[in-house]
Amino acid sequence: MFDFSGRVALITGSSRGIGYAAAHALGRKGATVILNGRDAAALEQAAQVLRGQGVDTHALPFDIADVGQATRAVDEVLDRLGRIDIFFSNAGIQHREPLLSFPLADFERVLFANLTSQWALGRHIATGMARQGYGRIIFTGSITALAGRKGITAYTAAKSALHGLVRQWAAELADDGITVNAIAPGYIKTELTRNLWNDAEFTAWLHDRVPQKKWGEPEDIAAALVFLASRESGFVTGQTLVVDGGMTACM
Ligand SMILES: NC(=O)c1ccc[n+]([C@@H]2O[C@H](COP(=O)([O-])OP(=O)(O)OC[C@H]3O[C@@H](n4cnc5c(N)ncnc54)[C@H](OP(=O)(O)O)[C@@H]3O)[C@@H](O)[C@H]2O)c1
């Protein structure tokens, strides 16, 4: 079980953090992995580390918010490698500001990067998957789509929409052999949350809320991703798997 030999996986936002852990996990299980991020130098550095561990790794820099650039990059990969079996649509952006002063332009920018562009790129990739009759699409959602939190109204709107989109796409793509799911991470120790895990007060609050009393690690998400990306999870579709140490399940 969970052998990814011969599979090609594209993971957006994978020069570090959750995406990198997912690429590492899939690569060590035999997949060819395509790393993505905006910073080409950081991406190449991450790719070299994986290659050093024997993982067939390609670096594909593009900005997920630029749909034209993203689809052109994906087409290059398809020309070179012939297929994408697994698409982990993981990169996302954030803008923090109270609702009452949240600029409309920032709302639209976050919604575009975290929802619209992922819809467009995911659909482009799904077209190729449908032709080959097999695919695994996984979006990174968030527990902020399950419980409100001040200051992140655009992020929450987009992530909530991704949780809904997986049900819709599961219905649309089942006949093509494609499953579509999301992972909703809780608080995971990455660059994105560095300010929070360096904040003792926040960590004390988190430990109080999470029954396991700890931050999650990128590998916790990678483990869920390996399952949802596998051939063996084929009867699981339209789901959001919450990986948060029990935070949203317990009072
Ligand atoms: N960490 C958490 O607690 C947590 C919780 C819930 C959900 N999430 C979600 O998990 C996903 C990954 O977050 P993370 O914590 O792993 O963040 P991270 O450690 O900051 O890594 C972000 C990755 O995404 C890339 N990236 C950022 N903006 C991009 C863009 N516009 N186009 C392409 N790549 C981009 C970054 O590379 P470049 O900067 O070079 O582009 C980097 O590789 C995000 O969708 C985030 O919202 C995280």
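Residues numbered from 1 in each chain as written. Predicted model: local features only at pLDDT ≥ 70, side-chain atom pairs only at ≥ 80, totals over all residues. Heavy atoms only, no water.

Caption draft 1: The packing of aromatic side chains, seen in detail. For the structure on display, the rule yields six aromatic pairs. Judged by centre distance (6.0 Å) and plane angle (85°), the ring pair of Y187 and W215 falls under edge-to-face. Of the two residues, Y187 is situated in the loop between strand 6 (178–185) and helix 6 (194–197) and W215 in the loop between helix 7 (200–209) and helix 8 (218–229); the sequence distance between them amounts to 28 residues. With respect to burial, Y187 and W215 carry one shared label: buried. (Phe/Tyr/Trp six-rings, centres within 6.5 Å; stacked < 30°, edge-to-face > 60°. Helix = DSSP H or I, 4+ residues; strand = E, 2+ residues; numbered from the N terminus. Buried < 20%, exposed > 50% of the residue type's maximum accessible area, 1.4 Å probe, protein only.)

Caption draft 2: Structural context of the site of the ligand. Lining the immediate surroundings of the ligand are 29 residues, of which S15, R38, N90, Y155 and T190 lie closest. Side-chain polar atom of T190 to an oxygen atom of the ligand: 2.6 Å apart, as the coordinates give it. For the ligand, whose unbound accessible area comes to 890 Å², protein coverage reaches 94%. Of all the cavities here, the one that holds the ligand is the largest pocket. At the level of elements, helix 1 (17–28) and helix 5 (153–173) are the ones that each hand at least two residues to the shell around the ligand. A class-by-class count of the residues in the shell around the ligand yields nine nonpolar, 14 polar and six charged. (Near = heavy atom within 4 Å. Polar contact = N/O pair within 3.5 Å; in protein donor to acceptor, adjacent residues only side chain to side chain. Areas by Shrake-Rupley, 256 points an atom, 1.4 Å probe, with all protein chains shown as cover. 1 Å grid on protein atoms, 1.4 Å probe; cavity = no way out; pocket = protein on both sides within 12 Å on 5 of 7 lines; lining within 4 Å. Sits in = over half its atoms within 2 Å of the grid points. Nonpolar A, V, L, I, M, F, W, Y, C, P; charged D, E, K, R; others polar.)

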